[in-house]
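# What the coordinates show
Letter by letter, the chains look like this.
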Amino acid sequence: MSQPPAPIKTAITPTRADDYPEWYQQVIKAADLAESSPVRGCMVIKPWGYALWENIQRALDKRFKDTGHVNAYFPLFIPMSFLEKEAAHVEGFAKECAVVTHSRLEAGPDGKLRPASPLEEPLIVRPTSETIIGEMYAKWVESYRDLPILINQWANVVRWEMRTRLFLRTTEFLWQEGHTAHATEAEAVEETRKMLGVYADFAENHLAMPVIQGEKTAGERFPGAVNTYCIEAMMQDRKALQAGTSHFLGQNFSKAAGIKFLDKDGKQELAWTTSWGVSTRLIGGVIMAHGDDDGLMLPPKLAPTHVVILPVLHKEETRAKVLEYCQKLRAELRAQRYDEQPIEVELDTRDLRGGDKVWQWVKKGVPLIVEVGPRDMDKDCVFWGRRDKGPKNRTSTPRAEFVATVGATLADIQSSMLERARTFRKDNTRVLDTKDDVYSYFTAKNPEKPEIHGGFALAHWSGDASVEDQLAKDLKVTIRCVPIATEGEFAAEPGTCPFTGKPSARRVVLGKAY
């Protein structure tokens, strides 16, 4: 009687199919990206994880400056009265605010420290900066000649979350927030859409994460905004991740803050403003869009290290020669370029078992892992593998050939990862025309322990807010966005809403989300 095949061993337990949320946590741990801190809901971003954020910062910052923006910094603390000026804004963020009410500590009768001096006005720890930045813009703007103002800031924010998850939703997180002021509505709308395009280009061409550009419904709009636009990505559990947002704020915040200017005719007008941002949530998106059951998988444009060289140093008599060979190989690789940058190479000489080192770097997601031992050196070859092909798919290549083609190899990994993610999204997107089909698509077969199910559904919607409420209540499904594409699979197509029977101008994207 034949024996059943042995289960495939994976570096990460559980696998994605077994328990996706726990798999996500274990990938973060195995890749040494971050861990929970002693402060509830906050995380410590470890060096490998922070290197990812630095690379995101570097690439996005260049894009911002290429589109005419400059960086500045505004206070962490915001007077409570500033938030009260914009009613929808304060209502939207009230439950998430952390509030500072005292200064100075003193010892109480029991010897324990206690706050001593009440503040004249409570201060809100920055949940977002529209109000404090608007207050400053009101001082800086007098004439149409002072516009536009195109400012971005890199900062941390605090939103008091009840249920947290590393990178995806934490009480404190890192982000950038752009805030611009314009003389005309048309300029502000153009800015809003332009920055959405910048985010989409970055997500697809840097993170290898395909996204849908679209507009949020009124119920999902940023508090105080006229329009909110977003990029939505599909994770490997088929849920949506809102990866970035860009808001057209109209004159709402200008009115609240008093951002006024004299136009060319000497008439006083209110400025038109925008805001837009992405955060460390992008790292969570990369993990869930590309990781496998052996750990993290990094697109080369994001990876802090492109190539890791692991010298095989078992024998003392060959140790020095192997190290010298690897050092020369590192220098040759660093002289090559990828994405207009020098290739980043790590030479790992730690006193660890070779297998342990290989698996550590596999779990960290480095694109190329190279091993060199005495026999490889004698043949002037390297033994190497691509992270996106799996840890067992390795080959021997002459050193000169490997060095000469390393840039092209990294480019192929980058494009292959994007294409794989696009194919996954396409395979898990359905065009649905009936209410029953929508409900069936988003209902797990095993309600006790729901399997990975659903994906994106493209369905008509008449604009009725009660439909959104019912979908959220019944299925935990939301309208992720109304696509803005004019061609392709997300282009406008008139039809009939399956929930109300009313006309619909185009299909919307439905999905469960983080």
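Residues numbered from 1 in each chain as written. Predicted model: local features only at pLDDT ≥ 70, side-chain atom pairs only at ≥ 80, totals over all residues. Heavy atoms only, no water.

## Quick look at the packing of aromatic side chains
Remark: the centre distance and the inter-plane angle together describe each pair of aromatic rings, the angle taken between the planes. Inspection of the entire model under this criterion finds 14 aromatic pairs. Between Tyr20 and Trp23, the ring centres sit 5.0 Å apart and the planes meet at 35°, which makes this aromatic pair tilted. Of this pair, Tyr20 and Trp23 both sit in helix H1 (residues 20-30), three residues apart, which is roughly one turn of the helix. Look at Tyr20 and you get buried, because its relative accessible area is 4%. (Phe/Tyr/Trp six-rings, centres within 6.5 Å; stacked < 30°, edge-to-face > 60°. Helix = DSSP H or I, 4+ residues; strand = E, 2+ residues; numbered from the N terminus. Buried < 20%, exposed > 50% of the residue type's maximum accessible area, 1.4 Å probe, protein only.)

## What about the nonpolar core?
Ranked by internal contacts, the top residues of the largest apolar core, which has 58 residues, are Leu33, Ile56, Phe167, Met209, Met235 and Ile287. The contact partners of Ile56, leaving out residues within four places of it in the chain, are Phe202, Leu207, Leu282, Ile283 and Leu302. Core analysis: the next-biggest nonpolar cluster, separate from the first, contains 28 residues, Leu323, Val372, Met377 and Val406 among them. (Core = buried A, V, L, I, M, F, W, Y, C linked by side-chain atoms within 4.5 Å. Contact = heavy atoms within 4.5 Å.)

## Structural notes on the layout of surface pockets
Roughly 600 Å³ of volume is contained in the second largest pocket. As for the second largest pocket, its lining consists of 19 residues, and the residues nearest its centre are Arg58, Ala59, His206, Asp339 and Gln341. Where the lining of the second largest pocket is concerned, the elements lending two or more residues are helix H2 (47-66) and strand E17 (341-342). Per-element accounting of the lining of the second largest pocket gives the leading share, six residues, to H2. (1 Å grid on protein atoms, 1.4 Å probe; cavity = no way out; pocket = protein on both sides within 12 Å on 5 of 7 lines; lining within 4 Å. Points joined across faces, edges and corners; volume = space filled by probe spheres on them.)

## Observations concerning the pattern of salt bridges
Scanning the model with the defined rule gives 27 salt bridges in all. The shortest N-O distance in the salt bridge between Lys46 and Asp32 comes to 2.7 Å. Taken together, the residues Lys46 in the loop between strand E2 (43-45) and H2 and Asp32 in the loop between H1 and strand E1 (34-36) connect sequence positions 14 residues apart. Note on Asp32: relative accessible area 32%, which makes it partly exposed. Asp433 is the partner of Arg507 in a salt bridge, and the nearest nitrogen-oxygen pair spans 2.8 Å. With Arg507 in strand E27 (residues 507-511) and Asp433 in the loop between strand E22 (429-431) and helix H13 (435-441), this residue pair connects regions lying 74 residues apart in the sequence. For Asp433, a relative accessible area of 48% gives the class partly exposed. Here the salt bridges share partners, and the residues they tie into one network are Asp32, Glu35 and Lys46. (Salt bridge = Lys/Arg side-chain N within 4 Å of Asp/Glu carboxyl O.)

## Side note on the sheet that holds strand E18 (residues 345-347)
Within the open sheet, the five strands sit side by side as E18-E15-E19-E20-E21. Their pairing is mixed. If you trace the sheet from one side to the other, it starts and ends with E18 and strand E21 (394-398), each paired once. Taking the axes of each pair of neighbouring strands and ignoring which way they run, one obtains an average angle of 25° across the sheet. In terms of strand pairing, strand E15 (residues 307-311) meets E18 through three bridges, oriented parallel. Note that in E18 the partner of Ile309 across the bridge is Leu347. Strand contacts of helix H9 (residues 316-334): E15, E18, strand E19 (368-372) and strand E20 (381-386), with the helix running at about 170° to E15, the strand carrying the most contacts. Sheet strands touched by helix H12 (residues 399-427): E15, E19, E20 and E21. Its angle to E20, the strand with the most contacts, is close to 5°. (Pairing = 2+ DSSP bridges. Axes fitted to C-alpha atoms, helices over the stretch in contact; angles between N-to-C directions.)

## Some points on the pairing of E20
Across the six residues that make up E20, a large majority, five, are buried. Two strands pair when backbone bridges link them, and E19 and E20 are joined in this way by four bridges, in the antiparallel orientation. By the bridge assignment for E20, Val370 is matched with Trp384. Alignment of E20 against E21, held across five bridges, turns out to be antiparallel. Paired with Cys381 across the strands is Pro398, a residue of E21.

## Looking at the environment of Leu418
For Leu418, the location among the structural elements is in helix H12. Spatially, the C-alpha atom of Leu418 lies 6.8 Å from that of Pro210, the residues being 208 residues apart in sequence. Apart from the residues lying within four places of it in its own chain, the contact partners of Leu418 are Glu204, Ala208, Met209 and Pro210.

## Some points on the packing of H1 against helix H8 (residues 281-290)
Between H1 and H8, whose axes approach to 11 Å, the crossing angle comes to 115°. By the criterion of interaxial angle, the relationship of H1 to H8 is roughly perpendicular. Here H1 runs over H8; the crossing is right-handed. Between H1 and H8, the residues in contact are Tyr20, Trp23, Tyr24, Val27 and Ile28 and Gly284, Ile287 and Met288, respectively. (Parallel < 35°, antiparallel > 145°, perpendicular 65-115°, else oblique. Left-handed = near helix turned anticlockwise from the far one by under 90°.)

## A word on the side chain of Gln176
Tracing the backbone through its elements, the reader meets Gln176 in strand E8 (residues 172-182). Here Gln176 falls in the buried class, since its relative accessible area comes to 0%. Separated by 2.4 Å, the side chains of Gln176 and Tyr199 make a polar contact. Leaving out residues up to four positions away in the same chain, Gln176 has contacts with Phe64, Asn152, Gln153, Trp154, Tyr199, Trp276, Gly277 and Val278. (Polar contact = N/O pair within 3.5 Å; in protein donor to acceptor, adjacent residues only side chain to side chain.)

## With respect to empty space enclosed by the protein
Applying the stated rule across the entire model yields four cavities of 30 Å³ or more. Taken together, Val358, Val362, Val366, Pro367, Ile369, Gly385, Arg386, Arg387, Gly390, Pro391 and Arg394 make up the lining of the largest cavity. Those elements giving two or more residues to the lining of the largest cavity turn out to be helix H10 (354-364) and E20. A breakdown of the residues in the lining of the largest cavity according to their chemical character gives six nonpolar, two polar and three charged. (Nonpolar A, V, L, I, M, F, W, Y, C, P; charged D, E, K, R; others polar.)

## Section: the sheet that holds strand E5 (residues 98-107)
Spatially, E4-E6-E5 is the arrangement adopted by the three strands of the open sheet, whose pairing is antiparallel. Of all strands in the sheet, those bounded by a partner on one side alone are strand E4 (77-79) and E5. For this sheet the average axis-to-axis angle between neighbouring strands, irrespective of direction, equals 45°. Pairing analysis gives eight bridges linking E5 to strand E6 (residues 113-125), with the strands arranged antiparallel. For Ser103, the partnering residue across the bridge sits in E6 and is Ser117.

## Topic: H2
Helix length check: H2 (20 residues) gives 28 Å between terminal C-alpha atoms against 28 Å at 1.5 Å per residue, within 8%. At the exit of H2 stands Gly68, carrying a positive phi of roughly 90°. (Expected span 1.5 Å × (residues − 1).)

## Comments concerning the environment of Glu172
Tracing the backbone shows Glu172 in strand E8. The spacing of Glu172 and Gly41 is 131 residues in sequence and 7.5 Å in space, taken between C-alpha atoms. Beyond its immediate chain neighbours, meaning those up to four positions away, Glu172 contacts Gly41, Cys42, Asn156, Val157 and Val158.

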